[in-house]
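# Structural overview for review
One letter stands for each residue in the lines below.
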Amino acid sequence: MDNGTRPLIVAANRLPVRWTDEGWETSPGGLVRALIPLLRESGGTWVGWNGTVGGHVDPFEVEGVSMHPIALDADDVSRYYEGFANNTVWPLYHDAIRDSTFDGAHWQRYRDVNERFAVTLANVAPNNAVVWVHDYHLQLVPGILRRLRPDVAIGWFNHIPFPPLELFQRLPWRSEIIEGLLGADLVGFQRDLGARNFVAAAHQLVNVVGDADDHWLHHDGHSTMVGAFPISIDVDEFEERAAGRETRRRAAAIRARLGDPEVVLLGIDRLDYTKGIGSRLRAVGDLFDSGGLDPHRHVFVQVATPTRDGVDHYAEERHEIERLVGAINGDHARLGYPVVHYLHRTLDLDELVALYRAGDIMLVTPFRDGMNLVAKEYVATRLDDDGVLVLSEFTGAADQLSEAVLVNPHDPHSLTDGISAAVDMHRHDRRARMSAMRATIHRHDVTHWADGFLKTLGAR
Ligand code: GDG
């Protein structure tokens, strides 16, 4: 895109900042690192919630980028955010692996907050701006913004899956959501699968005309392009952190503290029921039971980062995970040597990278995941081309990282077979697979992703 001449405005549920003793700073993460320079160069603005409940916060500047806060009160948080976004859309879009609530008051508040975002965007966007709206929290923003500001180019990117029609049509407000999204000029998904599901839903639920290859939808006098733009990570950043002497020292220290096992298996996820942590633990437990894993030689480390504590499904998932960890250790640990090490906390990034380096086998086994950046981060840190990634077929990452050991997390045998194959894999095979995956992520990093989306949006 000719981004030098068109100011970029980004909208996401959250502002990419956190409060520290020294004031606001940008939050870590590849998406933020990729977008901040583009915003700075174009004099752009990021519009989003700052995470505090109630009260008005004036716009402020961080690293040369203007941050425009959207105020949410306690009712907004419980109905729009925890209610509709996290307890209606999130489970439904992840294959309905948990029941969604369908509550009219939550939907009404979702519309209100989407309107608040759209009105703010309409006020802050300069003439001819490019507005990039992110994720499932803001599906009505493109439609409202198009009516308010027909001059701006609008893109929307979904970080999570878009479900098949049979699931999507459970939503009582399905047509409004499709119409909201069709206000965008470009609608982007992680995978072709999501793009195809969206096109099918649009044809079924609203009056659209599409072209033969389904890349364009025409509705209500406006045309929307639909495509897949698989997100990635800042590969150089992870490589640099992984290469540091201090990281190598920390990785060695982690292995020593684990009792210098032959093989360290690793899981790192937000504690979310979509991530398949329970099934993974059951598979690890079955392998310890059957002798496929040996408590004297193998150790599993699971980091489960706290998330969305206010939603019931998450509290239930946490209890089940903690019960399983206790049961497996009860059966197989020796004094001072647990076979499963479980951390329910957020690690700092250097500790996370040291763990990636310390892990011989990375288990990424979600039931459904838009992309899964952990898989890509693990690959980026394997500077010696060693290590095995066991990866669920139901992640976006599986489209690109086809040399991983691909597993079906719904099938207990597929999980145990995949973990066993990883443990037994010959060094030559490990290296061939890892070096192929590293080459893939080098070709497709997060800058490539952002440029691809914005070029497609601006080339219209
Ligand atoms: C959504 C979609 C899509 C995790 N624990 C710690 C920590 N993390 C970081 C990881 C990674 C990120 O969180 C998790 O990203 P994922 O992609 O795995 O998953 P979601 O949070 O569900 O993200 C997903 C993504 O959006 C991007 O489009 O891939 O499919 O669901 O970066 O490193 N970071 C630190 N400490 C931790 O303990 N510092």
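Along every chain, residues carry numbers that run from 1 in the direction the sequence is written. Per-residue local features of the predicted model are confined to residues with pLDDT of at least 70, and side-chain atom pairs are confined, for both listing and counting, to 80 or more; whole-chain, interface and lining totals are unaffected and use all residues. The basis for the side-chain values is all heavy atoms of the structure; hydrogens and waters are excluded.

Turning next to the domain arrangement of the protein. Interface size is commonly expressed as the accessible surface area that is lost when the partners come together. Each domain's extent is set by a domain assignment, obtained either automatically or from a database. Partitioning the protein into domains gives domain 1 (3-232 + 446-458) and domain 2 (235-443). Between domain 1 and domain 2, the C-alpha centre-to-centre distance is 30 Å. Contacts were defined at the residue level, with two residues in contact if any of their heavy atoms lie within 4.5 Å. Listed per partner, the contact involves 23 residues of domain 1 and 25 residues of domain 2. As a working definition, buried area equals the accessible area (1.4 Å probe) given up by two parts on being put together, with both sides summed. Buried area between domain 1 and domain 2, summed over both chains or domains, comes out near 2100 Å², and the portion from carbon and sulfur atoms is 53%. Its largest share of buried area at the contact with domain 2, domain 1 owes to Trp90, Arg98 and Arg191, together 30% of the area lost on that side. Each salt bridge in this description consists of a side-chain nitrogen of Lys or Arg and a carboxyl oxygen of Asp or Glu lying within 4 Å of one another. There are three salt bridges connecting domain 1 and domain 2. Note that arginine 98 is salt-bridged to glutamate 317, the shortest N-O span being 3.0 Å.

Now for helix 2 (residues 74-93). Working definition: helices are DSSP H or I runs of at least four residues, strands are E runs of at least two. Numbering for both runs from the N terminus. Multiplying 1.5 Å by the helix residue count minus one yields the expected span of that helix. Helix length check: helix 2, at 20 residues, gives a terminal C-alpha distance of 25 Å against a target of 28 Å (1.5 Å per residue), a shortfall beyond 12%. Two axes enter the definition of the bend at a residue: one is fitted to the seven residues ending there, the other to the seven starting there, and the bend is the angle between them. Along helix 2, the sharpest change in direction is near 40° and occurs at glycine 83. In terms of residue burial, helix 2 counts as a mostly covered element, since 15 of its 20 residues are buried. The definition of a polar contact used here is a pair of N or O atoms within 3.5 Å, where within protein one atom must be able to donate a hydrogen and the other to accept one, and adjacent residues in sequence count solely through side-chain atom pairs. Put simply, aspartate 73 is the residue that caps the front of helix 2, since its side-chain oxygen is 3.1 Å from the backbone nitrogen of aspartate 75. Count one or two residues on from helix 2 and you reach aspartate 95, which has phi positive near 65°. For every residue, the accessible area (1.4 Å probe, protein chains only) is compared with the maximum for its type, and the residue is labelled buried under 20%, exposed over 50%, or partly exposed between those bounds.

Moving on to the sheet that holds strand 9 (residues 186-189). Two strands qualify as a pair provided that DSSP identifies no fewer than 2 bridges between them. Reading across the sheet, the 10 strands line up as 5-6-4-1-7-8-9-12-11-10 and stay open at both edges, with mixed pairing between neighbours. With one partner strand each, in any of the chains shown, strand 5 (60-62) and strand 10 (209-210) form the two edges of the open sheet. By the bridge criterion, two bridges tie strand 10 to strand 11 (residues 216-219) in an arrangement that is antiparallel. Across the sheet, the residue bridging to glycine 210 is leucine 217, located in strand 11. Packing against the sheet, helix 2 makes contact with strand 1 (8-14), strand 4 (45-53) and strand 6 (65-72), and its axis sits at approximately 90° to strand 6. Along the sheet, helix 3 (residues 104-124) makes contact with strand 1, strand 4, strand 6 and strand 7 (130-134), crossing strand 6 at roughly 150°. Orientation is described by axes fitted as lines to C-alpha atoms, over the contacting stretch for helices, and by angles from 0 to 180 degrees between their N-to-C directions.

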